[in-house]
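Spelled out, the chains give:
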Amino acid sequence: MLGPLHSRAGGSDGAGASRLPRLVAVGVALLLLLASTVAAVPVATDDADAVTSSPVASAGAPAVGPIEQSPNTTARLVLPDDARTTSGFYTTQLDVGGAIGVESAAMHGRYSTVELREEFAAAETDERRRAVVLRTAEGIDARIDELTTRQREAVSAYVDGELSTDGLVRELVAIHTAARSLETTINQLYTYDRAVGEPVSTTEVSRLKARLVPLQGPVRSQLAAAAAGNTTAQRVYITAAESGLVLSTVTEGEFSTRYVREALYTGGFDDRFADKPISIDAFQNRMEELYPWVFTTDPPTDTVLTSAPYYLDAGVYGIAINHPQGTVSDRDLVVYYDATSEEVFYEIQRQDVTALPTEVVANVTSDGLRVTLRATHADGPLAVNVTNATTGEPVDATVELNDDPLGTTDADTLWTIAPHGTFVVTAETARGNVSATATNV
C-alpha cells in the first residue's frame, strides 16, 4: 500500500504544525491510533450464544448516506441493508486460547519496537539509518495488509456461517491487540524518519496510521480484557456484513451505566488514499450536516487531541465531541471521515443509558406481574423493568432474552442490548413468570 518510500511526496512536519491552530479552533480530534502485527490464534467452532442471519432493517428516520438520524439524540453510523447480515450475542468470558493469542500479538509488537531501536542505534551512517527506516515502514505496511485481510476474511466467514461467534471474537481481539502493541513502533518510526531527512514521507506515515483506524476499538478492548479474565462478564452484540461490523455493549462505569458502540463501514474507507483534501471548515460543515443534534446541544464540547503525523495528511479527518447524553470524562462521539469517499467510515459512541430517549416496545401483565421493555434502536440499549401489576413496586426477577440468561433486575432496571428483529424477554419470579415480545425494525 505504500507509495515509493524514497520519494517525499507528502506534507512536511512544518506544514502539519501550521494546521494546529485551525484544528483546535474547530475541534478536530486527530486521534493517535496504532500500528499492528499479529500471531495466529486458534479458532473456536462452537457458538456460546445464538446467531441469526437475516437482512437488518434500520430504525428511525431515513439515513443520510450511512448515517442514520434519530430524534432528540445523536445520529449514528449504520450498515447498509446488505442481503446477508449475521448478528448474535457473545458473553465475555475467560478464554485461554484467546488470551494466548492476545499475549502473542502484544509480545510480537513489543519485539518490533525493540528491533527498530536496536537496528537504528547500530547503523553507523545516515544512509544505513535511512535504510532501517525504509525497511521498517515496508514491514509495518505489509503487516497492516495482513491484518486488514485477516479481519475482512473473519467477518466474511462469520457472515457465511463458517466461523463461530467465539472464533470471530478471538480474531478481532488478536488484531486489536496487535494494533495497540505497535503504537510505539509507529511513533518511533516517525521520530527516526524525521531525524534522517524523511526517506519515508510524512504522508506515507500518516497513511499507515489511517489504515489502522478500522482495526481496533473500545468494545474490542473490553473483549480482549475479558479473554484474559480482567473484567466481569458482560454481553456484546455483534452485527456483521460484507459492508462492515458493529459491536455494542452495556457496561457499568464509575458514574453511570454506559452504552458503548463501535461501527465500521468499510465502503466509506478508500485505502488507496487518492489526494482529495478538503478545508477544515468544509469538514466541520459536513459533520454538522451528519450529526445535527450534537452540534445544536448547548454547548457541545470538543475534545481535541493532536499528535503527529496527522491523519489529514492522508485525507482522513477525525473529530471527538462530548455531549449531554454522554458519559463522564469520555469522548462521547468519535467520528472518522474519509475525504476521498466523502463518507464516515468509523464511529465510536459512548452514552449514559439513563439519558437516552426510549420508547415502550412491550408492556405485558400476567400472574400479577408486569414486564415493561423500553428500547432505543436495534443494537442499542434495552431497559427491562419488572413490577407488581397492582402496586407498581419493583420486583426482583431473573430475566432471559430469547432463552439466554441476562441476570437479575435486583428490583431495579436491567439494561442490555436490543437485538435486531423479534425477540422475547421472560421474567421469572417466585410468584410466576411473564414474557414480553417486541420487534426492532
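Rules used throughout
Residues numbered from 1 in each chain as written. Predicted model: local features only at pLDDT ≥ 70, side-chain atom pairs only at ≥ 80, totals over all residues. Heavy atoms only, no water. Helix = DSSP H or I, 4+ residues; strand = E, 2+ residues; numbered from the N terminus. Buried < 20%, exposed > 50% of the residue type's maximum accessible area, 1.4 Å probe, protein only. Areas by Shrake-Rupley, 256 points an atom, 1.4 Å probe, with all protein chains shown as cover. Pairing = 2+ DSSP bridges. Axes fitted to C-alpha atoms, helices over the stretch in contact; angles between N-to-C directions. Salt bridge = Lys/Arg side-chain N within 4 Å of Asp/Glu carboxyl O. Phe/Tyr/Trp six-rings, centres within 6.5 Å; stacked < 30°, edge-to-face > 60°. Lys NZ or Arg CZ within 6 Å of the ring centre and 35° of its normal. Expected span 1.5 Å × (residues − 1). Core = buried A, V, L, I, M, F, W, Y, C linked by side-chain atoms within 4.5 Å. Contact = heavy atoms within 4.5 Å. Parallel < 35°, antiparallel > 145°, perpendicular 65-115°, else oblique. Nonpolar A, V, L, I, M, F, W, Y, C, P; charged D, E, K, R; others polar. pLDDT = per-residue confidence, 0-100. Left-handed = near helix turned anticlockwise from the far one by under 90°.

Trainee: Tell me what's going on with the overall build of the chain, and back it up with residues and numbers.
Mentor: Across its full length, the chain carries nine helices and 20 strands. The buried share of the chain, taken over its 441 residues, is 55%. Carbon and sulfur atoms make up 49% of the accessible area of the chain, which amounts to about 17800 Å² in all.

Trainee: Could you give an account of the sheet that holds strand E17 (residues 404-408), with specific residues and numbers?
Mentor: With antiparallel pairing, the four strands of this open sheet are ordered in space as E17-E16-E19-E20. Every other strand in the sheet has two partners, leaving E17 and strand E20 (432-440) as the edge strands with one partner each. Each strand axis lies, on average, 20 degrees off the axis of its neighbour in the sheet, ignoring direction. Where strand E19 (residues 421-429) meets E20, nine bridges bridge the pair, whose relative direction is antiparallel. Bridging across to E20, Ala427 finds its partner in Val434.

Trainee: Could you give me a rundown of the pattern of salt bridges, with the residues and numbers involved?
Mentor: Applying the stated criterion to the full structure yields 17 salt bridges. Between Asp141 and Arg211 there is a salt bridge, with the nearest N and O atoms lying 2.8 Å from each other. Of this pair, Asp141 sits in helix H3 (residues 126-159) while Arg211 sits in helix H6 (residues 202-211), and the two are 70 residues apart along the sequence. The same class applies to Asp141 as to Arg211, namely buried. When the shortest N-O distance is used, the salt bridge between Glu204 and Arg207 registers 3.7 Å. Of the two residues, Glu204 and Arg207 both sit in helix H6, three residues apart, roughly one turn of that helix. The burial state of Glu204 is the same as that of Arg207; both residues are buried. Each of Arg84, Asp160 and Glu242 takes part in salt bridges that share partners, so that together they form one network.

Trainee: Describe the pairing of E19, listing the residues and the values that go with them.
Mentor: Where strand E16 (residues 398-401) and E19 come together, four bridges link them in antiparallel fashion. From the neighbouring strand, Val399 faces E19, where its bridge partner is Ala427. Between E19 and E20, which pair antiparallel in sequence order, lie two residues.

Trainee: Could you give an account of the packing of aromatic side chains, with specific residues and numbers?
Mentor: Throughout the structure, instances matching the rule amount to eight aromatic pairs. With 4.5 Å between their ring centres and 25 degrees between their planes, Phe269 and Phe345 make a pair best called stacked. With Phe269 in the loop between strand E8 (257-265) and helix H8 (280-290) and Phe345 in strand E12 (residues 343-352), the pair connects residues that are 76 residues apart, well separated along the chain. Phe269 sits in the buried class, given a relative accessible area of 16%. For Phe345, a relative accessible area of 0% puts it in the buried group. Members of the aromatic cluster, each reached through a chain of ring pairs, are Phe269, Phe273, Tyr311, Tyr336, Phe345 and Tyr346. The ring of Tyr311 carries the charged tip of Lys209 above its face, separated from the ring centre by 4.6 Å. One cation-aromatic arrangement involves Arg235 over Phe89; the distance from NZ or CZ to the ring centre is 3.9 Å.

Trainee: Can you break down the sheet that holds strand E15 (residues 381-388) residue by residue, with the values?
Mentor: The four strands are arranged E13-E14-E15-E18 in an open sheet whose pairing can be described as antiparallel. One side of each edge strand has no neighbouring strand; the edge strands of this open sheet are strand E13 (359-366) and strand E18 (414-417). Taking the axes of each pair of neighbouring strands and ignoring which way they run, one obtains an average angle of 20 degrees across the sheet. Where E15 meets E18, four bridges bridge the pair, whose relative direction is antiparallel.

Trainee: An account of helix H4 (residues 165-181) is requested, with residue identities and associated values reported.
Mentor: Helix length check: H4, at 17 residues, gives a terminal C-alpha distance of 24 Å against a target of 24 Å (1.5 Å per residue), a fit within 8%. Summarising burial for H4: 16 of the 17 residues are buried, a large majority.

Trainee: Can you explain the nonpolar core? Please cite residues and give values.
Mentor: If you look at the biggest cluster of nonpolar residues, it comprises 29 residues, and the most contacted ones within it are Val371, Leu373, Leu382, Val384, Leu401, Phe423 and Val425. Among the secondary structure elements, those contributing two or more residues to this core are strand E14 (369-375), E15, E16, E18, E19 and E20. Ignoring anything within four residues of it in the chain, the contact list for Leu373 reads Glu359, Val360, Val361, Ala362, Leu382, Ala383, Val384, Phe423, Val425, Ala436 and Ala438. Ranked by size, the runner-up nonpolar core spans 24 residues in total, among them Phe283, Leu290, Tyr291 and Ala339.

Trainee: Give a detailed account of the packing of helix H5 (residues 183-195) against H6, specifying residues and quantitative values.
Mentor: Here H5 crosses H6 at 180 degrees, and the two axes come no closer than 11 Å. When the axes of H5 and H6 are compared, the pair comes out roughly antiparallel. Counting all contacts with H5, which are made through Ile186, Leu189, Tyr190 and Asp193, the residues of H6 involved are Thr202, Val205, Leu208 and Lys209. Broken down by class, the residue content of the contact of H5 with H6 amounts to five nonpolar, one polar and two charged.

Trainee: Which residues make up the confidence of the model for the chain, and what values do they have?
Mentor: With 76% of its residues at a pLDDT of at least 70, the chain reaches an overall mean of 80. Note that pLDDT drops below 50 for residues 4-64; the model gives that stretch 184 contacts with residues more than four away or on any other chain.

Trainee: Give me the lowdown on the packing of H3 against H5, citing residues and values where you can.
Mentor: Close contact between H3 and H5 brings their axes to 10 Å; oriented N to C, the two are set at 150 degrees. Taken together, the axis directions place H3 and H5 in an arrangement best described as roughly antiparallel. When the axes of H3 and H5 are compared, the crossing they make is left-handed. For the pair formed by H3 and H5, the contact residues are Val133, Thr136, Ala137 and Ile140 on the first element and Thr185, Ile186, Leu189, Tyr192 and Asp193 on the second. Class assignment for the residues of the contact of H3 with H5 results in six nonpolar, two polar and one charged.

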